[in-house]
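One letter stands for each residue in the lines below.
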Amino acid sequence: MTVAAGLGYALIALGPALSIFVSVIAKKPFLVLTLLSSTLFWLVSLILLSGAWRAFLPIKSSALWTYVIVIVTSVSFQEGVRLVFWKLYKKLEEMLNAFADRTSKPRLFLTDKMQIGLAGGLGHGVAHAVFFCLSLLTPAFGGATYYVERCSHMPFFLISAIISLAFLLMHTFSMVIAFNGYAESRKSDQLFVPIIHMVAAIMTLINLAPGGCAIGVPLLCISAAVTLQYCWMMVCRRLREN
Amino acid sequence: MRRRRTPTAMDGSILDSLGQEIVGVMSPVSICMLLVVLLVSFLSPLPSSIDSPSSTPVTAATLVYLESPSDPPAKKLAGALLNAAVFVVLIAAVTFLLVILYYYNFTGFLKAYMRFSAFFVLASMGGSILFSLLRRFSLSLDAPSAILLLLNFSVIGVLSVFSPAVPIVVRQSYMVALAIIVAAWFTKLPEWTTWTVLLALAAYDLAAVLCPRGPLRILVDLASSRDEELPALVYEARPTASNHSVSSSPFPAASVELQPQYPVNFNPNANPNSEPRPNSSSNDSSSGPNQVDDSVVEIESLAEETFPLVSAATSISQMGSTQGDLISSAEQDDIFETSRGIRLGLGDFVFYSVLVGRAAMYDLMTVYACYLAIISGLGCTLILLSICRHALPALPISITLGVVFYFLTRLVMEPFVVGASTSLIMF
């Protein structure tokens, strides 16, 4: 509607990310580099996905199962990318520890590893927010607003900002959970992340029904809260054990 | 009784300072790109005026073919390739001229010319950007005050670029300002020409730095054999804990040192005083006490040096949104690292920002994709630098990745993502 509204929508989507960045990540240059590289990973995976689906676009049928296939393939691909990211991180951890031994400094602490996981997850979340929400926000800086037919309760920009916020939180903290799960080989952590991701993505399909976003969007926020709670409990447990 | 203290996170882990130099180079590049994107989005011409051919300036990059939107794609492509070839030839010629001048020790002339061109860029091109901004936002500033501010700005810019007494932050800001102004000007070129010129320059950079007969390589060898600094404009990312004295050589903006034995590792910012200089003649008055003991050689030549050569062919007029300036850029860009910090030529800044600015004319998604591609290319080049230890061209990897990501995003990713998010399906 105006510059203020546009900025407001952008901050709804990216506000928590900005505060995490300023308070935790900006202090350590290595975490900034981790964030940039994980954003790049997410972008490359998105480009590959779009390349695979390009021939089928635009999806004209309103049948639900096409969208389900799109979402299921996309989410599985992204979870696969997360696994690749974890493997690269293991190699990086070995190199960092070798470097630390060489310069006679302490090895990586548990909090360091969690911070790297946080930076990686934040990279994914920021990439999601930018590509799905911010890139469409440019008209919001102008003089009018835009409503989608299926969801005429709120302006389109506001809905996409709230969904991006939920997904950002989910991506950020599920990376911490996933890294921890792979490090400790706990099945519950390892399985929690793909399941919640899949559930959240399928819940966005509720938005396809007319008026469905009144149910879908709060459910997404609830799943983001569930991720946060799980991550909090896991981190408390790890830190207490240490 | 034995007491053993286990290290805690309070003692400081290696994560605290790792990668500081890389971030120190990436942040000015990011700031430059961000400001160019903002400038381009504020000052972009209205769609109705794009069709008029008078809005495209006649420059060294459009000498052969002036693109207009109504041409068929084949003609546009052929014309753009011709433009790019002419541009690269011009830049190569100017670089060779610079090498010859440097070989015959015309250092006073070079220095004066660099001062003049820095002043010209800041005052004239910066002034035109300032006036268009004033017009666009309808800010009230009268002409005498504007001219006074502009003149002061330019004079301090010239002083800060070449004098060692100015604080490093001021010098870095002026470097970034110079790059922003030149890049904002370059984005006025027509679209196909921009892409072909960028790719041609990346190829030229690769050849000029790595081939044994390339002009930039010859320049670096000359400068290092004379133990002098290069006549160039360079951004220098100083590490925060610097305790070196300032050098007083004739070209304090850049310096050339030979590479020492660094541990091939993440942190090239090792103990600066540990390695001795390979060349022992470091105390003559001409080159001054170079504070850096080690670095990779770096080359750069200044863009604005082409001014007097080609400005006779066009008229410099300034009316409204049209501008008849002739500018070509010969800023080659290589990186070398010193114990003061990594150095990046200003040409790198300019062409990265031109790519991102051109992406901004399409969409924000392409901007972000190109930004990530350029930053990752820069990171790769820096890692290669710590392995290879000699002058490396900074343009090829980043520009190639940037162009590839731009076209992939525009053609492949955007229909998918826009379709998904407007239906409120996200993952």
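Residues numbered from 1 in each chain as written. Chains lettered and ligands numbered in written order. Predicted model: local features only at pLDDT ≥ 70, side-chain atom pairs only at ≥ 80, totals over all residues. Heavy atoms only, no water.

Per an unreviewed UniProt entry, chain B carries the name Presenilin and comes from Dendrobium thyrsiflorum. Of the comments in the UniProt record for chain B, the one headed Function (unreviewed entry) reads "Probable subunit of the gamma-secretase complex, an endoprotease complex that catalyzes the intramembrane cleavage of integral membrane proteins such as Notch receptors." Database annotation for chain B, UniProt heading Subunit (unreviewed entry): "Homodimer. Probable component of the gamma-secretase complex, a complex composed of a presenilin homodimer, nicastrin, APH1 and PEN2." (UniProt positions renumbered as here; feature names shortened; annotations may be inferred.)

An unreviewed UniProt entry annotates chain A as Gamma-secretase subunit APH1-like originating from Dendrobium thyrsiflorum. Under the Sequence similarities (unreviewed entry) heading, UniProt states for chain A: "Belongs to the APH-1 family." Under the UniProt heading Subcellular location (unreviewed entry), the note attached to chain A is "Membrane".

Draft legend 1. Expanded view of the packing of aromatic side chains. Inspection of the entire model under this criterion finds 28 aromatic pairs over all chains. Between the aromatic rings of A:Phe131 and B:Tyr368, the centroid separation amounts to 5.5 Å while the plane-to-plane angle is 65 degrees, which identifies the pairing as edge-to-face. Of this pair, A:Phe131 sits in helix α4 (residues 110-132) while B:Tyr368 sits in helix α10 (residues 364-388), on two different chains. Here the two residues A:Phe131 and B:Tyr368 agree in accessibility, since each one is buried. Taking the centre distance of 6.4 Å and the plane angle of 10 degrees together, the rings of B:Phe109 and B:Tyr113 count as stacked. Of this pair, B:Phe109 and B:Tyr113 both sit in helix α3 (residues 107-137), separated by 4 residues, roughly a single helical turn. Looking at B:Phe109, the relative accessible area reads 48%, which means it is partly exposed. B:Tyr113 gets classed as buried once you look at its relative accessible area, which sits at 9%. Linked through ring pairs, A:Phe41, A:Phe85, A:Trp86, A:Tyr89, A:Phe179 and A:Tyr182 together constitute an aromatic cluster. (Phe/Tyr/Trp six-rings, centres within 6.5 Å; stacked < 30°, edge-to-face > 60°. Helix = DSSP H or I, 4+ residues; strand = E, 2+ residues; numbered from the N terminus. Buried < 20%, exposed > 50% of the residue type's maximum accessible area, 1.4 Å probe, protein only.)

Draft legend 2. Molecular detail of the packing of helix α6 (residues 191-210) of chain B against helix α9 (residues 346-360) of chain B. All names here are of chain B. The contact between α6 and α9 brings their axes to 11 Å, and the two run at 150 degrees. One finds that α6 runs roughly antiparallel with respect to α9. The hand of the α6/α9 crossing is left-handed. Residue-level inspection shows Glu191, Thr194, Trp195, Leu198 and Leu201 of α6 in contact with α9, the latter providing Phe351, Val354, Leu355 and Arg358. A per-class count over the contact of α6 with α9 returns 6 nonpolar, 1 polar and 2 charged. (Axes fitted to C-alpha atoms, helices over the stretch in contact; angles between N-to-C directions. Parallel < 35°, antiparallel > 145°, perpendicular 65-115°, else oblique. Left-handed = near helix turned anticlockwise from the far one by under 90°. Contact = heavy atoms within 4.5 Å. Nonpolar A, V, L, I, M, F, W, Y, C, P; charged D, E, K, R; others polar.)

Draft legend 3. How the structure looks around the UniProt feature "transmembrane region" (unreviewed entry) in chain B. Under the present numbering, the feature "transmembrane region" (unreviewed entry) in UniProt falls on residues 21-43, 80-104, 116-137, 143-162, 366-387 and 394-413 of chain B. Helix makes up 100% of residues 143-162 of chain B and strand 0%, and the two end C-alpha atoms of the span are 29 Å apart.

Draft legend 4. Highlighting the confidence of the model for chain B. Residue and element names in this part refer to chain B. For chain B, per-residue confidence averages 72 on the pLDDT scale, and 67% of positions sit at 70 or higher. The low-confidence segment residues 241-333 (pLDDT under 50) makes 274 contacts with residues lying over four places distant or belonging to another chain. For this predicted complex, the interface score ipTM comes out at 0.90, alongside a pTM of 0.80. (pLDDT = per-residue confidence, 0-100.)

Draft legend 5. Focus on the interface of chain B and chain A. Taken together, the contact between chain B and chain A spans 45 residues of the former and 62 residues of the latter. Together, the buried faces of chain B and chain A total about 4600 Å²; carbon and sulfur atoms form 80% of this surface. Contact with chain A buries surface across chain B, with B:Leu424, B:Met426 and B:Phe427 losing the most and accounting together for 20% of the total. Scanning the region where chain B abuts chain A turns up 0 salt bridges. Our enumeration of links across chain B and chain A arrives at 3 residue pairs in polar contact (both at pLDDT 80 or more). Only α1 (20-43), α10 and α11 (395-422) of chain B provide two or more residues apiece to the side of chain B that touches chain A. With 13 residues, α11(B) is the largest single contributor of residues to the side of chain B that touches chain A. Along the lines of polarity and charge, the residues of the side of chain B that touches chain A split into 30 nonpolar, 13 polar and 2 charged. (Buried area = accessible area lost by both parts, 1.4 Å probe. Salt bridge = Lys/Arg side-chain N within 4 Å of Asp/Glu carboxyl O. Polar contact = N/O pair within 3.5 Å; in protein donor to acceptor, adjacent residues only side chain to side chain.)

Draft legend 6. Examining the UniProt feature "transmembrane region" (unreviewed entry) in chain A more closely. Following the UniProt record, the feature "transmembrane region" (unreviewed entry) maps to residues 6-25, 30-52, 64-85, 116-137, 157-179, 191-209 and 215-235 of chain A here. Within the segment residues 6-25 of chain A, helix and strand shares are 100% and 0% respectively, and the terminal C-alpha atoms sit 26 Å apart.

Draft legend 7. Inspection of the packing of helix α6 (residues 187-203) of chain A against helix α7 (residues 213-241) of chain A at higher detail. Residues and elements named next belong to chain A. Contact pair α6 / α7: the axes reach a minimum separation of 9 Å and the direction vectors enclose 170 degrees. By the criterion of interaxial angle, the relationship of α6 to α7 is roughly antiparallel. Every pair of crossing elements has a handedness; the one defined by α6 and α7 is left-handed. The segment α6 lies against α7, with Ser188, Asp189, Phe192, Ile196, Ala200 and Met203 engaging Gly216, Leu219, Leu220, Ser223, Val226, Thr227, Tyr230, Met234 and Arg237. Counted by class, the contact of α6 with α7 contains 9 nonpolar, 4 polar and 2 charged residues.

Draft legend 8. Looking closely at the nonpolar core. Counting residues in each nonpolar core, the largest one holds 172 residues, and the members touching the most others are A:Phe131 and B:Phe349. For this core, the leading source of residues is helix α5 (residues 156-184) of chain A, giving 16 residues. With residues up to four places along the chain from it excluded, the contact list for B:Phe349 reads B:Pro28, B:Val29, B:Cys32, B:Val176, B:Ala179, B:Tyr235 and B:Leu344. With 12 residues, the next largest nonpolar core counts B:Tyr102, B:Leu219, B:Val220 and B:Ala232 among its residues. (Core = buried A, V, L, I, M, F, W, Y, C linked by side-chain atoms within 4.5 Å.)

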